[in-house]
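# Report on the structure
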Amino acid sequence: MPNKNDKKEVLVKVKRQSSPKESPHWEEFRLQWRPYMNVIICLRDISENAVTSDGRPTTPVSYDSNCLEEVCGSCAMLINGKARMACSALVDQLEQPIRLAPMTKFPVVRDLSVDRQFMFESLKRVKAWIPIDGTYDLGEGPRIAPEVQEKAYPLSRCITCGNCLEVCPQVNEHNPFMGAAIFSQVRLFNMHPTGKMHAKERLAAAMGNGGIEDCANAQNCVVACPKGIPLTESLAEINREAWKQSLFGWLAG
Amino acid sequence: MKQPKIIVVGGGLAGLMATIRVAEAGLPVDLFSIVPVKRSHSVCAQGGINAAKNQKGEGDSTAKHFDDTIYGGDFLANQPLVKRMCEAAPGIIDLLDRMGVMFNRTPEGLLDYRRFGGTLYHRTAFAGATTGQQLLYALDEQVRRHESEGKVQKFEGATFLSAVLDESGVCRGICSMDLRSMEVTTHAADAVIVATGGIGAIFGRSTNSVVCTGSAQSALFQQGVDYANGEFIQVHPTAIPGEDKLRLMSESARGEGGRVWVPRNPNDQRAPRTIPDGERFYFLEEWYPKYGNLVPRDIATRAIHRIVYQERLGLHGKAAVYLDVTHIPRETLDRKLEGILEIYEKFLGIDPRVEPMQVFPAMHYTMGGIWINGQDQATSVPGIYAAGECEYQYHGANRLGANSLVSCIFGGGLAGTAAVKYSANLQTGRDAVSSAVFEVEKKRQKDKNQALISNQGSENPITIWRELGDIMTEHVTVTRINKNLELADSKIRDLQARYHKIDMNDRTKWSNQTLNFARELENMLILARVITLGALQRNESRGAHYKPDFPERDDANWLKTTRAKFSDGEIVLTYEPVDISQIPPRPRRYDAAK
């Protein structure tokens, strides 16, 4: 870690937008440096003393956050132009002025807060669940080989932060591409012994408008994922399976 | 009467389990959550979930799980529900397994189990070190399925303001605020299940998530929902100190063999790995040979405080001790603990596989919470049920690690079933309630917002909150001294006075996070007093509640539940007996086998 203990001030620029209808503008803040400071602490300090670096009172910055340990997926934003989680963005590792902007692939709610409902709707669309019969006692689940668990577990750590959509050139206002996270979930559920029984339904949903065939293999997603999920592997596998299914469907038809 | 409808407030494990149970029973559910439910605080649970399935052939049983839980809780928990929970736990694991939770496996493809604090058995099923996340996702997926079938309607980004109570004090719905439009609305229901989680924000910095303010519990308390055992606060022994939050380092690190130590010589400047074994003080192993590093959390936390503040053996004179996993093979660490080691590495830039972690205790969990009955999670107000961390039933004076997830799911399921039954038996449903009942509550809440927005003053809500956190952390956590508790209470009352001079530095009408926080803060201040006064009154030491002036457990005078009521704007503490019908109380000690 770079040793910058001599630094007494932190300069932060925030892209502000008071509502979805307003046009954005930038504001600059001068903050007191503290050890272990992260972007969340910067935003809290601004809330406590919402005055710009030129002494003008303003409103606290709106932003999404919850767990502050990179497991809830809330605080994704653009930090110095890069899509990442604000809680794990340590000030000492960032170039100043630190530029904070909302993600661009999701509608802005206010300031840095965005609406990622699209992703949850996509999870619905691809039926990202195991269809159990009920919560009453039906005994143990299926046995799973450790090697299958070790392959599936990393996929199940997706925090739906949206960074993979943010960096994907195929996700834009003209194209409803669902994004790598969603196809990776399809892969996860199709890998599970019970989930497998409904693999075809999920694959069918993963095709069509916004589906897997829109992936142009830019491979930005796997780099942006804060959880190190092998997203490109997931995309390749779902692409292959979807292709097989459509081919099989054509032969059978 | 219309088909009954149920409202669930809170989308963590307990709220989601309740939702699933109600949806399965065929009733519509409105599910309210501040954050998208998949981002709820349950994601932060790390180490695992307890169930005595005796998968390792050690002779474990649900009776032993029950005894460990009651003993670990220092006999303060009412026993019948705890017994039912322990008996239900193996079935809960099966259910989660069927839902697709990627639990770690044995070579035979069965679930693997690890050890955890306060037990000598391998009883904790786990999915890496992100078990809470995996469990939450499994329930979230099931709820999404019910949602896509039209059985569940989600209100995400909405905060609970209050219950709507009719003329006879029966709950008929809730009043909530949309956090974007800031619109205040009421929602009718035949029963309401509250599953609003923890209260960490009252202590400023804790292991909890931002939304864990206890605001909903406090709002309900002020409406006549009793609050029990508030003074029992769990301080987790091992967390990474931080400015914004104290990040948990799961007990599973010790469950997998991690060791806690300090150099015997406090002036030892050597790198930790170069300090020979003989010059290290493994104080938990020395003081508690039977349980070692896996003593319950209250014991481990007090031991670390003793090392730092009395023995003056903190690392480099600071409030920290080593949590060391460097002797464990890297392959094991990555397979079983990756999630937490990654947190340490990301936030401190140090690889804990190579360098021992520096940790210190942090506020983590409230054993106390909304008072519920001993049968079906019903609160003291008809029509309101509570489940999960926000209620008090399962953990007594100290919660055992990996019991929280099981209590959330058990309690959530029970509350769901109970709410369905209650609403089916109602004489008059929500449709028979006069609209004036809803209008009155809505106006009360809108007036509160208006008063805050138009207030002119000099106080900042975040400043008041920081001060509250400092007071609570200093005086109402590990060591409690009556004169300090009195001081803390008077300081909180000062903060309450200052709260009236609050100045909103944001008066806008769209997505105003400051307004919402100010509302939460008012509620936090009241709940802080409930906790502090409960601690002040209880002149004994039991579980997490430790008073050096009263160092022993005092069953003759204090084997009783604190039940706080709100009466004419005042906090009134009452007491009721603990149900000890199953296991007679005995002394609790962990330096020998129990």
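Rules of the game
- Residues numbered from 1 in each chain as written.
- Chains lettered and ligands numbered in written order.
- Predicted model: local features only at pLDDT ≥ 70, side-chain atom pairs only at ≥ 80, totals over all residues.
- Helix = DSSP H or I, 4+ residues; strand = E, 2+ residues; numbered from the N terminus.
- Buried ≥ 20, exposed ≤ 12 C-beta atoms within 10 Å, placed from the backbone.
- Domains from an automatic or database assignment.
- Contact = placed C-beta atoms within 7 Å.
- Nonpolar A, V, L, I, M, F, W, Y, C, P; charged D, E, K, R; others polar.
- Pairing = 2+ DSSP bridges.
- Core = buried A, V, L, I, M, F, W, Y, C linked by C-beta atoms within 7 Å.
- Axes fitted to C-alpha atoms, helices over the stretch in contact; angles between N-to-C directions.
- Parallel < 35°, antiparallel > 145°, perpendicular 65-115°, else oblique.
- Left-handed = near helix turned anticlockwise from the far one by under 90°.
- Expected span 1.5 Å × (residues − 1).

## What about the overall build of chain A?
- Across its full length, chain A carries eight helices and nine strands.
- If you line up chain A on its principal axes, its C-alpha atoms span 70 × 40 × 35 Å.
- Out of the 253 residues in chain A, the part that is buried amounts to 47%.

## Considerations on the domain arrangement of chain A
Residue and element names in this part refer to chain A.
- For chain A, the assigned domains read domain 1 (9-114) and domain 2 (117-133 + 143-252).
- Computed from C-alpha atoms alone, the centre-to-centre distance between domain 1 and domain 2 is 31 Å.
- The interface of domain 1 with domain 2 comprises twelve residues on the first partner and twelve residues on the second.
- Element by element, the count of residues in the side of domain 1 that touches domain 2 is highest for strand E4 (residues 82-85), at three residues.
- Here the side of domain 1 that touches domain 2 is composed, by residue class, of seven nonpolar, two polar and three charged.

## Focus on the sheet that holds strand E5 (residues 122-125) of chain B
Residue and element names in this part refer to chain B.
- One open sheet holds the three strands; their spatial order is E3-E5-E4, and the pairing between them is antiparallel. Lying at the two open borders of the sheet, with one neighbouring strand each, are strand E3 (49-50) and strand E4 (113-115).
- Judged from the three bridges that link them, E4 and E5 form a sheet pairing that is antiparallel. In the sheet register, Arg114 faces E5, and the bridge partner there is Thr124.

## Looking at the interface of chain A and chain B
- Residue-level contacts link 58 residues of chain A with 58 residues of chain B.
- Mapped by element, the contributors of at least two residues to the side of chain A that touches chain B are helix H1 (39-48), strand E6 (108-110), helix H2 (117-125) and helix H3 (146-155) of chain A.
- Ranked by residue count, the leading element in the side of chain A that touches chain B is H1(A), at five residues.
- Tallied by class, the residues present in the side of chain A that touches chain B amount to 25 nonpolar, 22 polar and eleven charged.

## Re the nonpolar core
Residues and elements named next belong to chain B.
- Ranked by size, the top nonpolar core spans 262 residues in total, and within it Val9, Val192, Ile193, Val194, Tyr385 and Leu468 carry the most contacts.
- By residue number, the principal contributor to this core is helix H15 (residues 513-537), which donates 14 residues.
- Discounting residues that sit within four places of it in the chain, Val194 has contacts with Val9, Gly10, Ala216, Leu220, Ile370, Ile384, Tyr385, Ala386 and Cys390.

## A few points about unusual backbone geometry
- Of the consecutive residues A:Gln96 and A:Pro97, the connecting peptide bond is found in the cis state with omega at -5 degrees.
- Mapping A:Pro97 onto the fold places it in the loop between E4 and strand E5 (98-101).
- We note that A:Thr160 has phi near 50 degrees; this positive angle belongs to a residue other than glycine.
- Inspection of the secondary structure puts A:Thr160 in the loop between H3 and helix H4 (163-166).
- One non-glycine residue, B:His316, adopts positive backbone phi at about 50 degrees.
- Secondary-structure assignment places B:His316 in the loop between helix H8 (297-310) and strand E16 (321-324).

## So, the packing of helix H14 (residues 482-499) of chain B against H15(B)
All names here are of chain B.
- Two numbers describe how H14 lies on H15: the axes approach to 10 Å, and their chain directions differ by 165 degrees. The angle between the axes of H14 and H15 places the two elements in the roughly antiparallel class. In terms of crossing hand, the pair formed by H14 and H15 is left-handed. Where H14 approaches H15, its residues Asn482, Leu485, Glu486, Ala488, Asp489, Ile492, Leu495, Gln496 and Tyr499 are matched on the opposing element by Leu521, Glu522, Leu525, Ala528, Arg529, Thr532, Leu533, Ala535 and Leu536.

## A look at the domain arrangement of chain B
Residue and element names in this part refer to chain B.
- Split by domain assignment, chain B resolves into domain 1 (238-362) and domain 2 (436-560).
- Measuring from the centre of the C-alpha atoms in domain 1 to the corresponding centre in domain 2 gives 32 Å.
- Taken together, the contact between domain 1 and domain 2 spans five residues of the former and five residues of the latter.
- Here the side of domain 1 that touches domain 2 gets four residues from one element, more than from any other, and that element is H8.
- Here the side of domain 1 that touches domain 2 is built from residues that sort into one nonpolar, two polar and two charged.

## Side note on helix H1 (residues 13-24) of chain B
Residue and element names in this part refer to chain B.
- Here H1 is twelve residues long and its end C-alpha atoms lie 16 Å apart, about the 16 Å a rise of 1.5 Å per residue gives.
- Taking burial as the measure, the twelve residues of H1 include eleven buried ones, the bulk of the element.
- In this fold, the buried residues of H1 make contact with strand E1 (6-9), strand E2 (29-33), helix H4 (131-148), strand E6 (152-156), strand E10 (191-194) and helix H11 (404-424).
- One or two steps after H1, the chain reaches Gly26, where phi turns positive at roughly 95 degrees.

## Structural notes on the packing of H3(A) against helix H5 (residues 180-191) of chain A
All names here are of chain A.
- The N-to-C vectors of H3 and H5 enclose an angle of 150 degrees; their axes lie 9 Å apart at closest approach. With respect to H5, the element H3 is oriented roughly antiparallel. In terms of crossing hand, the pair formed by H3 and H5 is left-handed. Between H3 and H5, the residues in contact are Val148, Lys151, Ala152 and Leu155 and Ser184, Arg187, Leu188 and Met191, respectively.
- Classifying every residue of the contact of H3 with H5 by side-chain character gives five nonpolar, one polar and two charged.

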